Amino acid sequence: MTRRSALLILEAVELLTSNRDLDRFRASSGDVVLIPTMGALHAGHESLVRKGVELARGRGICMVWVFVNPTQFNDPADYARYPKTLQADVDLCTRAGAAAVFAPSAPDIYPPNQQIPVPSLPEQATRPGLEDAHRPGHFAGVCQVVLRFFDLIRPRCAVFGEKDWQQLQVVRAMTKRDRPEIEIVGMPTVREPDGLAMSSRNRFLAPGDRQKALAISRALVGAGRVKTPAEAEAAMRSTLRDAGVETEYAVVRDAATLLAPATGALRALIAARLGAVRLIDNVLWPSI
Ligand code: PAF
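Everything in this summary refers to the structure shown in the same document. (Residues numbered from 1 in each chain as written. Predicted model: local features only at pLDDT ≥ 70, side-chain atom pairs only at ≥ 80, totals over all residues. Heavy atoms only, no water.)

### Points about the site of the ligand
Here comes step 1: Taken together, Pro36, Thr37, Met38, Asn69, Gln72, Val145, Phe160 and Gln167 make up the full set of residues adjacent to the ligand.
Here comes step 2: Gln72 is positioned with one of its side-chain polar atoms (N or O) 2.6 Å from an oxygen atom of the ligand.
Here comes step 3: Take Gln167: an N or O atom from its side chain is 2.7 Å from an oxygen atom of the ligand.
Here comes step 4: For the shell around the ligand, a count of residues per class yields 4 nonpolar, 4 polar and no charged. (Near = heavy atom within 4 Å. Polar contact = N/O pair within 3.5 Å; in protein donor to acceptor, adjacent residues only side chain to side chain. Nonpolar A, V, L, I, M, F, W, Y, C, P; charged D, E, K, R; others polar.)

Written out as structure tokens, the structure is:
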């Protein structure tokens, strides 16, 4: 389908909704740069897609995967209400220049008569006090679905957002160990003008909580200016507490291993709850 306007001619992306569609498309697509997503795409995802299009230029195509993966949710209510906006996602991918959107059904990814393996978890997945402490089983589901999609699509490269910093380190470690031929590229977090990290979950924030949520980026920026990791952690917790935001963790860790800081690059990471909405964010530490 070609859509025309006075200024714009957009070739719509190919929408692939089954493994059969994917096989047909893959036969002629060449190298794939893959953008893994659960849909409900926003400007943060758009930056990943644009990066994918740039990396694919002259060598292949950029494909976006859209799949709300049931195995990585430990809260059934969170899974049930995860936003599904496929038509808008396809439009965004078209604008950003992707060649294909792969949006399969759950039975395509987890056929009832097939056991889809769960890879062993890299040690970054189970560092105490981070995601695993609050979302047990989450990274097992993430690793399972990432490997499944890698094996169905066989990409040359995959682009992930840095907002899910721990996920990026887990996927990097797993891919290096299990599919070393695939390159993992990380992309900086995209923020709203007031600093809130873009997330598909932001739409669920109550108006008052949207304002309170700004304490997360404020805490990260403030922590970047203090001298020691311990002071930074205390400063983040107090900024969040003063704003009435429930903190799951507010820590400074080694950026790659996610262990408590030693030397080298460090990252300040926060997970917080506002009502039923859980948000995460992180920045390089220290920032100055
Ligand atoms: O970051 C996400 O959106 C998901 O965890 C991913 C990587 C697409 C796996 O479902």
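### Remarks on the side chain of Ser29
Here comes step 1: Mapped onto the fold, Ser29 is located in helix α1 (residues 19–29).
Here comes step 2: A distance of 2.7 Å separates the side chain of Ser29 from the side chain of Arg26, its partner in a polar contact.
Here comes step 3: With residues up to four places along the chain from it excluded, the contact list for Ser29 reads Gly60 and Ile61. (Helix = DSSP H or I, 4+ residues; strand = E, 2+ residues; numbered from the N terminus. Contact = heavy atoms within 4.5 Å.)

### Quick word on the pairing of strand β9 (residues 246–254)
Here comes step 1: When you tally the buried positions in β9, you get 7 out of 9 residues, the bulk of the element.
Here comes step 2: Of the strand pairs in this sheet, β9 and strand β10 (residues 266–274) are connected by 8 bridges, and their pairing is antiparallel. Residue pairing across strands places Tyr249 opposite Ala271, the latter belonging to β10. (Buried < 20%, exposed > 50% of the residue type's maximum accessible area, 1.4 Å probe, protein only. Pairing = 2+ DSSP bridges.)

### Points about the nonpolar core
Soluble, globular proteins show a tendency: their nonpolar side chains are buried together.
Here comes step 1: In this structure, Met63, Val146 and Ile153 are the most contacted members of the largest nonpolar core, which totals 42 residues.
Here comes step 2: For this core, the element with the most residues is helix α7 (residues 138–153), which contributes 10 residues.
Here comes step 3: Setting aside chain neighbours within four positions, we find Val146 in contact with Trp65, Phe160, Val171 and Met174. (Core = buried A, V, L, I, M, F, W, Y, C linked by side-chain atoms within 4.5 Å.)

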